[in-house]
Amino acid sequence: MDTTATVRDRPAAGQPATRARLRIDPIRCDGHGLCADLVPELLRLDDWGYPMPIGADVPRRLESQVGRAAKLCPTLAIVVEKHRRRG
Amino acid sequence: MARSPVHHRDSGRRHSGRADQWHADPAGEVWPPPAAQPALSRPAPAGPAYQPGRAPERFSGEPGSRARHSAGITGPESPGPSAPDWPTGGWTTAEWLVDPRLGGPGREEEWLAGEWPTGEWRYDRRPSAAPASAPAMPRLLAAARADGQPVWLSEHLSVHGRVPHPRSDAVGAAAAKLITDSGLRGRGGAGFPVAAKMRAVLAADGPPLLVANGAARDLLAEKDTFLLTRLPHLVLDGAQVAGAAIRAHHIVVAVADRPDVRSIMQEALVERQRARLDPIPVRVEIVAAGYVAGESSALAQQLSGGPARPTSDPPHTAAHGVNGRPTLVQNVETLAHVGLLARHGVGWFRAAGTPDDPGSLLVTVLGAVPGPVVLEVPVGAPVQRALLGAGGLTEPIGAVLVGGGAGRWLPARTGLAAPLSHAGLAAVGGVLGVGAVVALPDRACGVVETARLVRYLAGQSSGQCGACLNGLPAIAAALSALADGKAEPATMARLLRWCGMVTGRGACRHPDGTAGLVASAVRVFAEDVRRHVDGWCGGSLRGVLPVPDVPAPGRVRVGQRP
C-alpha cells in the first residue's frame, strides 16, 4: 500500500545528469524530526514522528537544504548520495 | 580471473581426472529446457511425505547395491556411526590420491594465511552410476530415516555417493559455475539467487567466509532444524562446495542453542574430520535464536561479537559481514541443495521445478492435517500437493497461510491451487517465504489467529527502527482490539494506513512481512472482520498457529528508545 507521493525533477536539456538521492538510515534515526522541519517538500513525518522521504530524488533547488538537514541531524541518519549518470 | 571452462559434457563419464572437469552430466548432454526434458528413469512418487512408519529405501553400500536400488530392491540397513570401516563395500576399488600435506589438526594456519589450498584432493574413479541413482523426488529427503535419527556419514554416502572434487586449482571456478548455471535461489525466505550473492562476495575485498544459517527461527517452519538434526551431512557437503565457490577461508554453521542440534552437528563434524572430507575448516557457533536474529546481517553482527540485530545496508553483508569480511550467508536448506547439485549436476537439478526457480523445496505443513510434517516437493508444485503429502486435510478449511511468519493468507480455493514458487505465489498475492503452509480449519477464526501471530511478531523486532518500534505495536494493538470485538470503525482504516506506513522503512524486511500478513488477513477474512467489528466471532477453535500467546507490546513514545 503506497501512501507516499513521488517527486521527480527532470533535468532541463543540457544539464548534467547528476542526481542526489536522499536516504534515511532507519537504525540511526530516532524520530527527532528536524529534517522534516527543514525540508518539508521532501520529508513528511509518520504517525509517530519519524521522517518518511517522499521520493528519493532531490531537486537541485533543495540540495543545499538537504545538505543542511544532513549536517544538523542529531543522529547523523540522513544520507545524501550523489549518482552520476551517463546519458 | 579467467579459468578454463569446467563443466564438460563428456557422454557418460564421470571423471577423466582432468583438472578442468568438475562433473560431467551423466546424461551427457546440455540440459534442455524442462519442457523438453525427457522423463527421468524412475517415476517420481507424488510428494513423498516424511512420516513415521514409512521406511524409506536405502543403499546398503554393498557392491551392486546401486543397481539393485534402481531396480526397486532394498538391501539391509547400512551400519550406523559405530561401523569401524569407512568407506564400505563397493568403493574399495576407489583410487585415492591424498595430499599428505592436507588434513589433520594444525593445518588451519595454512588456511588462515590467506592462501587458497593447493595440492591434490581426493577423488575416486568409481564407475559412473546410472541416472536412476539420482531420482527426481525425493532429493534432499532421499536418505531421511523413518525413526527420526540422524543420517550418519556412512549411510549418507551410501545413499548419495561422494561429492566429486576436481583438482584443487579449478575447484573454485568449477563450483561457482555450477551454482551459477543451476539458477538456485535461496531458501531462507527471500529467494535471492545464490549466484548474485556469490558474485558480490567475490567482488569484495578480504578473506571470505561462509555462514550456514541454521538459526533462523520462524515458528511455523521446522525444515531448518529438521535438516540440521537429521541430514547434517547434506548441509555440510553443500557448505564445502559453496565455500569453494567463494574461496572461503572458513565456514561457520550458526545454530540455535538446542542440545540436540549442537551434539548432532558436532558428531557429524567429527565424522567428517576422521574421513578428511572438509578442505575448508568448519566450526559450529551457537547463536541467540530469535525471529530477526536469524536475519543475515543480524547473524553476521552476532558472529562478530555484537548484538543480534540487523545492520544498515549499505554495506551489505556480502561485502562487509562477519568482522568486516565478505560473508556469504545461506540458509541450510540452500546449502543442502548445493550438496546434491555438486553430485548430480545442473541438468539433474533443473529437471525439477520451474525455469525461473528450479529444483525442489522443503515444505513444513501444519494445521488441519494429521500431524505437522516436513516434506519435499518440486518448486512450482501446487499447495494441495503438499497437503496431500501431509496426509490430506482432516477437516474443512477456509484459508491457508503460506510463507511462515512473514507469509500471506490465501483463500482456500486460490491457496490450494497456488504453485509453491516465488513467481507463482506472487501472482496470486502470496509469498513463498520459508515454505511453510498452515491449513486453517473453518472452525478457527483467521482474525484471532492473525492477531496472535502479529502480537508475537511485534515483540520480536530488534527495536532499532521507528517503523518496528512504533508501527508494529500499534498494528498489533489495533488487530487485537479487532479480535476482541472492541474495534471502532476508524480502527480498520488506521490499521491499513499503518501497514503502508511501515513497509520499506526498516533496516530489514520484518515490518514489511508483518504488514503484508495483516493486509492479506484483512482481505481474506473480510467476513470475519465484519463480524468482529460488530462485536462477535465465528470461530470455535483457538491456538492453531503454534506461536506463544503474548500480550500486545506497549507503544513507545516518540523520541524514546528502550
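Since this is a predicted model, take the numbers as computed values, not measurements. (Residues numbered from 1 in each chain as written. Chains lettered and ligands numbered in written order. Predicted model: local features only at pLDDT ≥ 70, side-chain atom pairs only at ≥ 80, totals over all residues. Heavy atoms only, no water.)

Chemist: Lay out the packing of aromatic side chains in plain terms, naming residues and giving numbers.
Modeler: This model, assessed by the stated rule, comprises two aromatic pairs over all chains. One cation-aromatic arrangement involves Arg139(B) over Trp348(B); the distance from NZ or CZ to the ring centre is 4.0 Å. (Phe/Tyr/Trp six-rings, centres within 6.5 Å; stacked < 30°, edge-to-face > 60°. Lys NZ or Arg CZ within 6 Å of the ring centre and 35° of its normal.)

Chemist: Tell me about the interface of chain A and chain B, and name the residues and values.
Modeler: Each partner contributes to the interface: chain A provides 16 residues, whereas chain B provides 25 residues. Both sides together, the interface formed by chain A and chain B hides about 1,700 Å², and carbon and sulfur atoms give 55% of it. Run the count over chain A and chain B and you get two salt bridges. The salt bridge partner of Arg497(B) is Asp47(A), with a shortest N-O separation of 2.7 Å. (Contact = heavy atoms within 4.5 Å. Buried area = accessible area lost by both parts, 1.4 Å probe. Salt bridge = Lys/Arg side-chain N within 4 Å of Asp/Glu carboxyl O.)

Chemist: Can you tell me about the environment of Gln273(B), naming the residues and giving the values?
Modeler: As for its position among the elements, Gln273(B) is in helix H8 (residues 259-274). Counting along the chain gives 245 residues from Gln273(B) to Val518(B), while the straight-line C-alpha distance between them is 48 Å. (Helix = DSSP H or I, 4+ residues; strand = E, 2+ residues; numbered from the N terminus.)

Chemist: Outline the side chain of Arg455(B), listing residues and values.
Modeler: All names here are of chain B. When you line up the elements, Arg 455 lands in helix H14 (residues 446-459). Although Arg 455 lies buried, it forms no salt bridge, and the closest oppositely charged side chain, Asp 549, sits 4.6 Å away as judged by the N-O distance. Apart from the residues lying within four places of it in its own chain, the contact partners of Arg 455 are Ala 476, Ser 480, Val 550, Pro 551, Ala 552 and Pro 553. (Buried < 20%, exposed > 50% of the residue type's maximum accessible area, 1.4 Å probe, protein only. Lys, Arg positive; Asp, Glu negative; His and termini not counted.)

Chemist: How would you sum up helix H2 (residues 63-72) of chain A? Please name residues and give values.
Modeler: Residue and element names in this part refer to chain A. Buried within H2 are the following residues: Val 66, Ala 69 and Ala 70. In a view along the axis of H2, the buried residues occupy a sector of 100°, so they form one face of it. Residues of H2 that are exposed and point more than 90 degrees away from the buried face comprise Ser 64 and Lys 71. (Arc of directions from axis to C-beta.)

Chemist: A description of the nonpolar core should follow, citing residues and the corresponding values.
Modeler: Core analysis: the biggest nonpolar cluster contains 71 residues, and Leu42(A), Leu401(B), Trp409(B), Ile475(B), Leu495(B), Val518(B) and Leu545(B) have the highest contact counts within it. Counting residues per element, this core draws most heavily on helix H15 (residues 466-483) of chain B, which supplies eleven residues. Apart from residues lying up to four places away in sequence, Leu545(B) is in contact with Leu220(B), Leu401(B), Trp409(B), Val438(B), Glu449(B), Arg452(B) and Leu453(B). Core analysis: the second largest hydrophobic core is formed by 57 residues, Val163(B), Ile251(B), Ala336(B) and Leu341(B) among them. (Core = buried A, V, L, I, M, F, W, Y, C linked by side-chain atoms within 4.5 Å.)

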